[in-house]
Every structure is written in C-alpha cells, then in structure tokens.
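The residues making up each chain are set out below.
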Amino acid sequence: MTEIEAGKLKLMVVDDELDNLDLLYRTFRREFKVYKANDARTALEILEKEGEMAVIISDQRMPEMNGTEFFGLTVERFPDTIRILLTGFTDVEDLVDAINSGQVFRYITKPWKPDQLRSLVDQATQIYRLVKKRTFSLRRSLKRESLVNAVTTAIRESLDYPTMLQKIVATIGQTFEATCCLLKPIEGEQLTPEEFFYKDNNAVAENYYFNPTSLIEKVLVSRNYELAEFTTDDGEIYQQLAVPLIYQQDLQAVLALDQQRCDTQKATLGTYRNWQHEDIELISGVAEQAALALSQAKLYQNLQQKQKQIHAELEVARQIQHNLLRQSLPEMEGVKVQACCYPAREVGGDFFEVFVHPKGDLWLAVGDVSGKGVPAALFMASAISVLRRELSQETPPMPNIVMKNLNQALGNDLVSNNYFITLVLARYTSATKQLVYANAGHIYPIVCSQKDSLKDKPNFLKVRGIPLGILPNWEADFGELILAQSDTLLLASDGITEAQVSIKSNLSQESSTRSMLNQEGLWQLLLEQEKPLSLNKLLNRIHVDTEVQEDDQTILSLEIL
C-alpha cells in the first residue's frame, strides 16, 4: 500500500510509431516506472511478466490488434487499471464500442498537447490511488468482519425490534463469556424503561447483583466506552464495561457487561477477569454492528409501510410513463406501424415515438437512456418532450440536426448525472418512399425484404454517431435509402438483442444452448416471421426462452404495404 500511496506507479505506453513511443516515455519517465511496447502482443507479454499497471496509454490504430481490442483483453484481469486511448482520426464505431464497454477512461486525439496529456494522466493516477486505497481498507474491514461474523450473523437473523434486542444481549454475552449482560434502549437521548438481560446461570454466584447504572450514566454523557474497577472483600480487583451502540451519530442503546467465575466444586467465586484493550476493541466493533442491526430493526416497521406507499407511487409513475408513449399508433395509407415497450422495472429508460407531421412525413424513433429505474425514466420523459418539440416545427430539420439539438438541450444534465442516451430517429416520406435516418450510438436499424431470405448477411443501416450526452457538440451524417413494397424497417433497443434465447444444436435438435440473441439473431427471426408481420408474435418468440427480463425492451416496426 505504501508503494501505491507514495512510490512510483507503473505506466505502460503502447504505440507502433517509435517516435511517439519515445516521446511518451520521455514525458512520463520521471514520475512513473514506464514500460514501452510497440504493439499489443508485446504489451500483453509485459503485463504477464510485470503485472498490473496503474495507467496504460495505447494508440488505437496498430497492426494485428487495435487499441480497443487490446484494452478488451486486459479488463478482466486488471480491472483497476486506468486506460487512455490515443486516436489519430475520428473512428466513431471504435469510440462507441469503447465507451459502451467501459474499457476506456478517456480518449485523446493526435497530435496531443503534452500539458493536456499530463493533466489527464494525473487525474487517472489520482483515481487509481483512490481505488487502491479503498480496496485496501475494504480488505482490512473484511478481516475484522470475520472476527465478529458469529455475532453479527446471529443478530441479523431477526428484524423484530424486541427480539433483536434480546438476541443482541444474549449473543454478545455468550460470545464474550460474560457473567451478566444488560442492554438499555434509548429513545430521544433518554433511557427507556425497558431493559434486556442475559445471565450465565452456570457461572454467576447466587448472591451476585449486577447494577451498572452509574456506568451507563457516564456513557450517556461521554458517548464512549467506560470502565469501572471494583474491589471485593477479598481484595481482588475486577472491572465492568459499558459500551454505547451508536449508528450515524445516533445513540441507540447502552450495553453493559460483567464477568466473574464460580468454582462449582468449591462453590466459591473464582478469579475475576479484567477487560483487555483487545477485548474492548472487539466488543466496540461488535457494538457498531449491533447498532446497525438495531437501527434496522427500529426502521423495519416503517419500511414496510413505506414500501407499500412507494409501490403505489411507482405504479402511478409507471402509468404516467406508459401514457407518455403513443397509446394509439397512426394509420397511414400504404404503411403499417407497430410498437411495444416493456420496462424491466416499474419504470425504465426505453422509449419510442411515432409522429405524423401535418405535411405528411412519418417520424419514427427508438431510444434508450443508460441505467434503469426512476432516474432513467426522468431522462426518458425529458427526451420525449424535447423530441416532440423538435418534430412539431412547421418544417422539422433533418434527423441528424434534430439529434444535435437534442444533445444541446439535454447534454449538460446527462453529463452532470453520468447518463447518456442512445437514439435512432428516422423520417419516412410516403410519396417517395424515402427513409432518412440518424443514429446516436444505438444498435443498427434493420431493413428486411422478401429477397433478403436469399442473403447470407443482414441488411443493417450502419450510419451512426456517438450517444447523446457524451460530447458537448454532437456531429454525424444522416443515412438515406428508398424502401420498396413489402420492406420492413425494424428499430429495437439493446434489451431485445441482449435477451438470452435457446439455440438448437447442429448435432441434435433435442439439445439446445442459451445464448445472446444479438442483431444477427434478430434479423434471422425477422426473416422467419409470416407476412404481414405480427410484432407480438416476434416478441413471444424472444420471450419464450427468457426467464428474467434483465433490461428494458423496446421494438418498433414499419412495413411498406
């Protein structure tokens, strides 16, 4: 840990251009222990020998294996390493893949500015040190947790408040071999009349009386543990211990312990045991866990009521979000539109839009906000609102300009909350059968026609830009094509393509394996559907093998009749 906190960290630079490689080495050799590699294979060999690097800076375009592929091979083994990608040109597809997979911390374009790169590496090393520091603290906490696991396991078995209190006092008393153990709950900084008591009948003398009142009162004032020494008639000195149970600065209860021995053969008191520093430290650690459990038990009843209220509110939110989507799809001559949206939770981040402009154009969209649940649903509502405002103009701009306007309107909020939106937007003109589309990091739209059944490769619309909310300015081209009679356009979210489905084995039709559907699988299922297309039947085919819906699922189709 000392090396990570104060010493030189390891940094690797990977570039097939030797001049760049030497420049990177000279830039960082004073602050880091720098390793050089002029290709990805050599870099992997160095990692195998030297182990984890704090930072890896790699060129994107290299022979045999590019930077994104190289990073992908290092993620599982070295998850804490910070990865920086150098790009000499705008490679939208690789950039989208790198961002979506989480392999790249930042990317920077060539030629880079040394100060900018140094600043970026400084930020990366700070994050790396913080991650390692927290990992070390976690390991230390887990070691400590193992010592008190027996106690905390027993405590967590019940969330009923009175039962929890009795279990705390009995478990701690038994674990630390106390003769007597008393727990006094506290409400509003005051002791309650209730008390919970444990006594070891095999160890305590019949005439022994345990009264820790004065010790408990000291704890109420100091909010720290208190030790008291007593001298017996025989001149022996023994101690009593009182420990506060505090959770989030709130004093939950006070626990008092005493220990003595009774020699059953002679029926006389044995030797008293003093509390050592290690005992007090361990009991204090257990008290922290007990305070947490106690707080949970206190809140349990309220949580049950609140859960019912939250469930009712989420149901209202689900209905509101459902109503935001088009409940009745427009009927236009010469086309058939179908759409479905199924959140993984009560609410989600997927959405679709079907909008008929007064001038006759049909606009179609499917989007996906990163994440799930209420935050994603809020951004989904904002995205639909801004999108409808853009499409309601007298003359809406081209789809890629609409995307740019959406990014400008929502970008700051998305960045500040670490969210982004993937979206595909298409405009269909029935008079010319022209389809114009733009794609912001979303999965490819699919166009399927009758003649596609003879093709080996699916027809994906591959013009695409980065997701909304990644960069301040969104720029990308639009794509266009002419649809023919019987053509089907399919837009879907990644919840569809990432669904797990059963695939029949080539060796046996009775055996099958589960695999991700992927876009190629979706295209194949689309080819197998009868005409006219029934979107519900297509979804049923996907859902028949899905045990649990992991992500929001949205799908939209446009058929040319």
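Residues numbered from 1 in each chain as written. Predicted model: local features only at pLDDT ≥ 70, side-chain atom pairs only at ≥ 80, totals over all residues. Heavy atoms only, no water.

Brief notes about the sheet that holds strand S19 (residues 446–448)
Here is step 1: In spatial order, the strands read S14-S24-S21-S19; together these 4 strands make up an open sheet with antiparallel pairing. Only two strands of the sheet have a single partner each, and these edge strands are strand S14 (335–342) and S19. For this sheet, the mean angle separating the axes of adjacent strands, direction not counted, is 15 degrees.
Here is step 2: By the bridge criterion, 5 bridges tie strand S21 (residues 488–492) to strand S24 (residues 553–560) in an arrangement that is antiparallel. (Pairing = 2+ DSSP bridges. Helix = DSSP H or I, 4+ residues; strand = E, 2+ residues; numbered from the N terminus. Axes fitted to C-alpha atoms, helices over the stretch in contact; angles between N-to-C directions.)

Points about empty space enclosed by the protein
Empty pockets left among the atoms are what a rolling probe the size of a water molecule brings to light.
Here is step 1: Under the criterion given, the structure shown has 1 cavity of 30 Å³ or more.
Here is step 2: There is about 40 Å³ of room inside the largest cavity.
Here is step 3: Ile443, Tyr444, Pro445, Ile446, Leu490, Leu491, Ala492, Thr497, Gln519 and Leu522 are the residues that line the largest cavity.
Here is step 4: Broken down by secondary-structure element, the contributors of at least two residues to the lining of the largest cavity are S21 and helix H14 (518–528).
Here is step 5: With 3 residues, S21 is the largest single contributor of residues to the lining of the largest cavity.
Here is step 6: A per-class count over the lining of the largest cavity returns 8 nonpolar, 2 polar and no charged. (1 Å grid on protein atoms, 1.4 Å probe; cavity = no way out; pocket = protein on both sides within 12 Å on 5 of 7 lines; lining within 4 Å. Points joined across faces, edges and corners; volume = space filled by probe spheres on them. Nonpolar A, V, L, I, M, F, W, Y, C, P; charged D, E, K, R; others polar.)

A few points about the state of the cysteines
Here is step 1: In this structure the tally under the stated criterion is 0 disulfides.
Here is step 2: Residue Cys340 stays outside any disulfide, its sulfur separated by 8.9 Å from that of Cys341, the closest cysteine.
Here is step 3: Residue Cys340 is classed as buried on the basis of its relative accessible area, which comes to 12%.
Here is step 4: Residue classification places Cys341 among the buried residues on the basis of a relative accessible area of 19%. (Disulfide = S-S within 2.5 Å. Buried < 20%, exposed > 50% of the residue type's maximum accessible area, 1.4 Å probe, protein only.)

Some remarks on the packing of aromatic side chains
Here is step 1: In this structure the tally under the stated criterion is 4 aromatic pairs.
Here is step 2: Centroid distance Phe379 to Tyr419: 5.3 Å. Interplanar angle 40 degrees. Geometry classified as tilted. Of this pair, Phe379 sits in helix H11 (residues 373–391) while Tyr419 sits in the loop between helix H12 (399–416) and strand S17 (421–429); the two residues are 40 residues apart in sequence, bridging distant segments of the chain. For the pair shown, Phe379 and Tyr419 are each scored as buried.
Here is step 3: Its guanidinium or amino end placed over the ring of Tyr25, Lys36 lies 4.9 Å from that ring's centre, counting from NZ or CZ.
Here is step 4: Between the NZ or CZ atom of Arg106 and the centre of the ring of Phe105, over which it lies, the distance is 4.6 Å. (Phe/Tyr/Trp six-rings, centres within 6.5 Å; stacked < 30°, edge-to-face > 60°. Lys NZ or Arg CZ within 6 Å of the ring centre and 35° of its normal.)

Notes on the sheet that holds strand S1 (residues 9–14)
Here is step 1: Pairing is parallel across the open sheet formed by 5 strands, whose spatial order is S2-S1-S3-S4-S5. The sheet is open, and its two edges are formed by strand S2 (32–37) and strand S5 (106–109), each paired on a single side. In this sheet, neighbouring strand axes are inclined to one another by 20 degrees on average, regardless of whether the strands run parallel or antiparallel.
Here is step 2: The pairing of strand S3 (residues 55–59) with strand S4 (residues 82–87) spans 5 bridges and is parallel. Considered in S4, the bridge of Ile57 is made with Ile84.

Let's talk about helix H8 (residues 161–175)
Here is step 1: In a regular helix each residue adds 1.5 Å, so 15 residues correspond to 21 Å; H8 covers 21 Å between its end C-alpha atoms and thus fits that length.
Here is step 2: Among all positions in H8, only Tyr161, Met164, Leu165, Ile168, Val169, Ala170, Thr171, Ile172 and Gly173 are buried.
Here is step 3: Count one or two residues on from H8 and you reach Glu177, which has phi positive near 50 degrees. (Expected span 1.5 Å × (residues − 1).)

Describing the environment of Leu215
Here is step 1: Tracing the backbone through its elements, the reader meets Leu215 in helix H9 (residues 213–222).
Here is step 2: Classification of Leu215 as buried rests on a relative accessible area of 3%.
Here is step 3: Excluding residues that lie within four positions of it along the chain, Leu215 makes contacts with Glu226, Leu227, Ala228, Gln240, Leu241 and Ala242. (Contact = heavy atoms within 4.5 Å.)

With respect to the packing of H11 against H12
Here is step 1: At a minimum axis distance of 10 Å, the contact between H11 and H12 shows a crossing angle of 150 degrees. Taken together, H11 and H12 sit at an angle that is classed as roughly antiparallel. In this structure, H11 crosses over H12, and the sense of that crossing is right-handed. Together, Phe379, Ser382, Ala383, Val386, Leu387, Arg389 and Glu390 of H11 and Val402, Asn405, Leu406, Ala409, Leu410, Asp413 and Leu414 of H12 make up the contact between the two elements. (Parallel < 35°, antiparallel > 145°, perpendicular 65-115°, else oblique. Left-handed = near helix turned anticlockwise from the far one by under 90°.)

Details of the side chain of Thr429
Here is step 1: Assignment of secondary structure puts Thr429 in strand S17.
Here is step 2: Relative accessible area serves as the criterion here: at 17%, Thr429 is assigned to the buried category.
Here is step 3: Here the side chain of Thr429 touches Asp361 through a polar contact of 3.0 Å, side chain to side chain. (Polar contact = N/O pair within 3.5 Å; in protein donor to acceptor, adjacent residues only side chain to side chain.)

Description of the pattern of salt bridges
Here is step 1: Evaluated as defined, the whole model comprises 12 salt bridges.
Here is step 2: Here Lys110 ties to Asp15 by a salt bridge, and the two come within 3.2 Å at their closest N and O atoms. Within this pair, whereas Lys110 is found in the loop between S5 and helix H6 (114–147), its partner Asp15 is found in the loop between S1 and helix H2 (18–28), the two being separated by 95 residues in sequence.
Here is step 3: Among the ionic contacts, a cluster of salt bridges with common partners joins Asp15, Asp59 and Lys110. (Salt bridge = Lys/Arg side-chain N within 4 Å of Asp/Glu carboxyl O.)

A short note on the nonpolar core
Here is step 1: One finds Phe351, Leu362, Leu364, Ile421 and Leu558 to be the most contacted residues of the largest nonpolar core, which totals 52 residues.
Here is step 2: A total of 8 residues in this core trace back to one element, the largest contributor, which is H11.
Here is step 3: Residue contacts for Leu364: discarding those within four places in its chain leaves Val337, Glu353, Val354, Val424, Leu425, Ala426, Leu489, Leu491, Leu556 and Leu558.
Here is step 4: Core analysis: the second largest hydrophobic core is formed by 28 residues, Tyr161, Ala178, Leu183 and Ala293 among them. (Core = buried A, V, L, I, M, F, W, Y, C linked by side-chain atoms within 4.5 Å.)

Take it as geometry only, folks, not as evidence of what the structure does.
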